[in-house]
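Structural features, examined
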Amino acid sequence: MAEKKRLKDLTFWDKIYIPAILNGLALTFKNLLGPKFTLKYPEEKFIPSGSYRGSPVLVVEKNGVERCVACGLCSRVCPALAIEVQAAETENEKERYPEKFEINMLRCIYCGFCEEVCPEEAILMSKEYELAFDNREDGIYGKDKLLKPVEELKDRIEFLRRYK
Ligand code: SF4
Ligand code: SF4
């Protein structure tokens, strides 16, 4: 079998490794003095941008009306079967609202499909990432935990309107 030829033979300096070690150390010291990206969590909190996909929440308008019309699309598209919606009628213009809306956060995989499919921009991925539970029941979020004012979600709404 023919001997494979090196593309380039090592020079004397390559062979003693010292320039490579010095280059590596220079890079290390450069990064020591540069900006730091690690946070001392939980004392220092990470504040995500609008592109972040934290736990899904439901939007409440400024006048207190829920955006959700209980169409059930989010529940149907959810790959983790984490959403349960029960519709009821209302006197409002929208006619329907979710009498019951639950998301099982133990199942949710933060895929964002529910947000993508919602025709009313009523379910959005929030910036919330601190989810810890003592028992399984606490991981099922009802409307009391899911409903969030539209002002709290403006970063996400702006991001979606620009990039979706
Ligand atoms: S983010 Fe994905 S997994 Fe979580 S509730 Fe929405 S569709 Fe289901
Ligand atoms: S959150 Fe959106 S997709 Fe889900 S039931 Fe309400 S209106 Fe329909």
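Residues numbered from 1 in each chain as written. Chains lettered and ligands numbered in written order. Predicted model: local features only at pLDDT ≥ 70, side-chain atom pairs only at ≥ 80, totals over all residues.

1. Considering the overall build of the chain
Applicable threshold: Here a helix means four or more residues in a row that DSSP labels H or I, a strand means two or more in a row labelled E, and each is numbered from the N terminus. The reference for a compact globule is 2.2 Å times residues^0.38; the radius of gyration itself is calculated from the C-alpha atoms. Contact definition: two residues whose C-beta atoms, as placed from backbone geometry, lie within 7 Å.
A tally of helices and strands in the chain yields 6 helices and 6 strands. Since a compact globule built from 164 residues should have a radius of gyration of about 15 Å, the 26 Å found for the chain marks it as more spread out than a globular shape. Here the C-alpha coordinates of the chain stretch approximately 85 × 50 × 40 Å along the principal axes. For the chain, restricting intrachain contacts to residue pairs at least 6 apart in sequence, the fraction spanning at least 24 positions comes to 73%.

2. Some remarks on the pairing of strand 1 (residues 56-60)
What counts here: Counting other C-beta atoms within 10 Å of a residue's C-beta gives its exposure: the residue is buried at 20 or more, exposed at 12 or fewer, and partly exposed in between, where C-beta atoms are placed from the backbone. Strand pairing is assigned whenever DSSP identifies at least 2 bridges connecting the two strands.
For strand 1, the buried fraction is high: 5 of the 5 residues fall into the buried class. Here strand 1 pairs with strand 4 (residues 123-125) via 3 bridges, running antiparallel. Residue pairing across strands places Val57 opposite Leu124, the latter belonging to strand 4. As paired elements, strand 1 and strand 6 (residues 147-149) share 3 bridges and run parallel to each other. For Val59, the partnering residue across the bridge sits in strand 6 and is Lys148.

3. Notes on the environment of Cys111
Tracing the backbone through its elements, the reader meets Cys111 in the loop between strand 3 (96-104) and helix 4 (113-117). Separated by 78 residues in sequence, Cys111 and Leu33 have C-alpha atoms that sit 37 Å apart.

4. Details of the sheet that holds strand 4
Short version of the rule: Lines fitted to C-alpha atoms define the axes here, with helix axes fitted over just the stretch in contact, and angles between the N-to-C directions of these axes take values from 0 to 180 degrees.
One open sheet holds the 3 strands; their spatial order is 4-1-6, and the pairing between them is mixed. Looking at strand neighbours, the two that pair on one side only are strand 4 and strand 6, the edges of this open sheet. Strand-to-strand twist across the sheet, computed as the mean angle between neighbouring axes with direction ignored, equals 50°.

5. As for the site of ligand 1
Selection criterion: The C-beta atom of each residue is placed using the backbone, and any residue whose C-beta lies within 6 Å of a molecule or strand is treated as near it. Charged means Asp, Glu, Lys or Arg here, nonpolar means Ala, Val, Leu, Ile, Met, Phe, Trp, Tyr, Cys or Pro, and polar covers whatever is left, Gly included.
Every one of the 14 residues lining ligand 1 counts as a neighbour, but Cys78, Cys108, Cys111, Phe113 and Cys114 are closest to it. Per-class residue counts for the shell around ligand 1 are 13 nonpolar, 1 polar and no charged.

6. Brief notes about the pairing of strand 3
With 7 bridges connecting them, strand 2 (residues 83-89) and strand 3 associate as antiparallel partners. Bridge assignment links Ala88 to a residue of strand 3, and that residue is Tyr97. In this antiparallel pair of consecutive strands, strand 2 and strand 3, the connection spans 6 residues, and Glu95 shows a positive phi of 70°. Summarising the sheet, strand 3 and strand 5 (residues 140-141) pair through 2 bridges and their orientation is antiparallel. Its bridge partner being in strand 5, Asn104 is matched across the sheet by Ile140.

7. Quick look at unusual backbone geometry
For the bond running from Tyr41 to Pro42, omega is 10°, close enough to zero to count as cis. Phi is positive for Leu81, close to 50°, though the residue is something other than glycine. Within the secondary structure layout, Leu81 lies in the loop between helix 3 (73-77) and strand 2. Despite not being glycine, Glu95 has its phi angle at roughly 70°, a positive value. Mapped onto the elements of the fold, Glu95 is located in the loop between strand 2 and strand 3.

8. So, the nonpolar core
Rule in force here: We define the nonpolar core as any set of buried residues of the types Ala, Val, Leu, Ile, Met, Phe, Trp, Tyr and Cys, connected via C-beta atoms lying within 7 Å of each other.
By size, the foremost hydrophobic cluster in this structure holds 21 residues, and its most contacted members are Leu58 and Ile123. Secondary-structure elements contributing two or more residues to this core are strand 1, strand 3 and strand 4. The element that contributes the greatest number of residues to this core is strand 1, accounting for 4 residues.

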